Amino acid sequence: MATPLEKWVEEQAKLTKPDKIYWCDGSEEEAHRLIEIGMKDEKIETTPIFQALNQKEWPNAYFHRSHPTDVARTEHLTYVCHNDQETAGPNNNWMNPKEAKELMTKLSDGCMKGRTMYVLPYMMGHPDSPYAKACVQLTDVSYVAVSMRIMTRMTKKVIEKIGNNNSFVKGIHSVGTFDPNKRFIMHFPDEQLVWSIGSGYGGNALLGKKCFSLRIASYLGLQEGWLAEHMVILGIEAPDGTVTYVTAAFPSACGKTNLAMLESALPGYKIWTLGDDIAWLNVGPDGRLWAINPETGFFGVAPGTSMKTNPNMLKTLKGKKFYPTLFTNTGFDTDKNEPWWEGLDTSCPKNVLDWQGKVWNKEEGGKVAHPNSRFTVSMYNCPVLSKECDNPKGVPISAIILGGKRTQLIPLVLEAFNWQNGVFMGARTGSETTAAAIHKEGVLRRDPMAMLPFCGYNMGDYFRHWLSIGNKLKHPPKIYSVNWFRTDDDGKFIWPGFGENMRVLKWIVDRINNKVSVNKTPLGYIPNLKDLDLTGLNLSKEKLEKLFEINSSAWKPELEDIKKSLENFGKRMPKEIMEEYNNLENGLR
Ligand code: OXD
Ligand code: MN
């Protein structure tokens, strides 16, 4: 008798009509085979899926070039298909599930002809974790199969775990014809199903990541009483050896990955990495908040990554432990057979192809690497990986840090007055946009908790859910806002960032341990400047003060914009959040 899983695979094969079906076991040997297939048999137009890189300089590394129209998440083609639009909320594109299924069925008819359907059984979270979820994704491209092996715990055991059950998380993915007009990323939260066609880009195609672990999981979290968040998880080790665990949410490409494995500029302090993108947060039996990272890899932005900005990531990328590492849409040094991107430590190679494979010419300008070019690498290669990373229980969280890229107004660090005020802090967060999704760069967009593109239901309900989680916590983490990006009158960043951000983390740890007091402002608590360890930093008092400046008149348009964004959620917006808004407005008057 066929199991529900086998029946489901059969049904999808009937629709998509692949030449072959290949059940993956997640082994290293298989990854070698898939890379071979991607180098020889599979192509995007005429380009092979993979090309081996210089194995001496970049062990186990392969290069991939995506379709040129397919280089970032496509939020306008991403839908959350709840039964009613109100549940999806103004923060999501919505389609009636029946209509969406009809559309996807039409587009998927025969879409895998001439291709192989890979069946990928994987876990999000450690298999022994009570918080983990068993999942199966179908895909028709080796790049996705190999990437999923890096990013998730892919193993045949998941099939046994699922057994005769039909309640596993389902993902159907096909690159289709790469036609942007036939590209859709559809989420069916009630069925724990993601169906994606027309794109091979990570955020659209690695369905365990943004699609399941954030959009669908956030909705599951609402039903089951937990949170799926766009957050890094890290441990901060103090000179006395104690480790404090924190999570931090930042919109894409704000330095989140750099923070996750920051090399401390403060002697004696050390960061241990647990995750760079997603945290699942549960209320533990002890009344504390516990975090697990459902993923096992980093799908990070290459440009700007260097020994200076993120030495631990470069070491991770050059690590040999886990096979393979992938580079997507970077430049390509044809003399050395190496990837190259803007911001890497070496200067631009003499003979280099741009991300589209064209000979790059300085005079013509343009970027060598696509601004959203990526690496996909296992966290097990990371030299500062926390030993708790496979702990099924996760780690207890003492602080939640919320950030964005703001060149004006927002202080270097703020502490929320309490949980509710912290939720409001998250709700009002905005960021100047980046290249990780298709939209104009450098425009301010409100991105509450960095979850705007990833919350799988109405964000008004999401804030209420956060408030209810707070009520369940006997020992809630403190909540902070940080902003590394404030500029001076000449438009230069005031704060040095990177490893120096440890100075702010140290202050946060000191606060958690009640070692320092604070000053109250309408925005939140700020440090007594003397408590920030700035030894060795060449930062004038005037500049330091500028980092914390609160100018009431400059806040007027900001307040209006915050109010508008909160009111967008209408009646679903909890009154507690509006109360917090009113307090802020009155405070700034
Ligand atoms: C990502 C993103 O890819 O947030 O992590 O866009
Ligand atoms: Mn992300």
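A brief structural summary. Given the structure is predicted, the values throughout are model-derived calculations rather than measurements.

## Topic: the packing of aromatic side chains
Using the criterion set out here, one finds 22 aromatic pairs in the structure. When the centroid spacing of 5.6 Å and the interplanar angle of 50 degrees are considered together, the rings of Y22 and Y118 count as tilted. One end of the pair, Y22, is in strand β1 (residues 20–23); the other, Y118, is in strand β7 (residues 116–124), and 96 residues separate them in sequence. Here Y480 and W507 contribute two aromatic rings whose centre-to-centre distance is 6.1 Å and whose plane-to-plane angle is 85 degrees, an arrangement assigned as edge-to-face. With Y480 in strand β29 (residues 478–482) and W507 in helix α13 (residues 502–512), this residue pair connects regions lying 27 residues apart in the sequence. On the accessibility criterion, Y480 (0% relative accessible area) is buried. A relative accessible area of 1% places W507 in the buried class. Among the aromatic side chains, those forming a connected cluster through ring pairs are Y219, W419, Y457, Y462, F463, W466 and F569. K101 extends its terminal NZ or CZ atom over the ring of F188, reaching a point 5.0 Å from the ring centre. The lysine or arginine in question, K270, covers the ring of W272, its NZ or CZ lying 4.5 Å from the ring centre.

## Quick notes on the site of ligand 1
Taken together, the neighbourhood of ligand 1 is formed by eight residues, with R73, K210, H230, S252 and R374 sitting nearest. R73 is positioned with one of its side-chain polar atoms (N or O) 2.9 Å from an oxygen atom of ligand 1. Residue D277 places a side-chain N or O atom 3.2 Å away from an oxygen atom belonging to ligand 1. Summarising the interface, the protein chains cover 94% of the accessible area of ligand 1, which totals 210 Å² for the free molecule.

Analysis parameters
Residues numbered from 1 in each chain as written. Chains lettered and ligands numbered in written order. Predicted model: local features only at pLDDT ≥ 70, side-chain atom pairs only at ≥ 80, totals over all residues. Heavy atoms only, no water. Phe/Tyr/Trp six-rings, centres within 6.5 Å; stacked < 30°, edge-to-face > 60°. Helix = DSSP H or I, 4+ residues; strand = E, 2+ residues; numbered from the N terminus. Buried < 20%, exposed > 50% of the residue type's maximum accessible area, 1.4 Å probe, protein only. Lys NZ or Arg CZ within 6 Å of the ring centre and 35° of its normal. Near = heavy atom within 4 Å. Polar contact = N/O pair within 3.5 Å; in protein donor to acceptor, adjacent residues only side chain to side chain. Areas by Shrake-Rupley, 256 points an atom, 1.4 Å probe, with all protein chains shown as cover.

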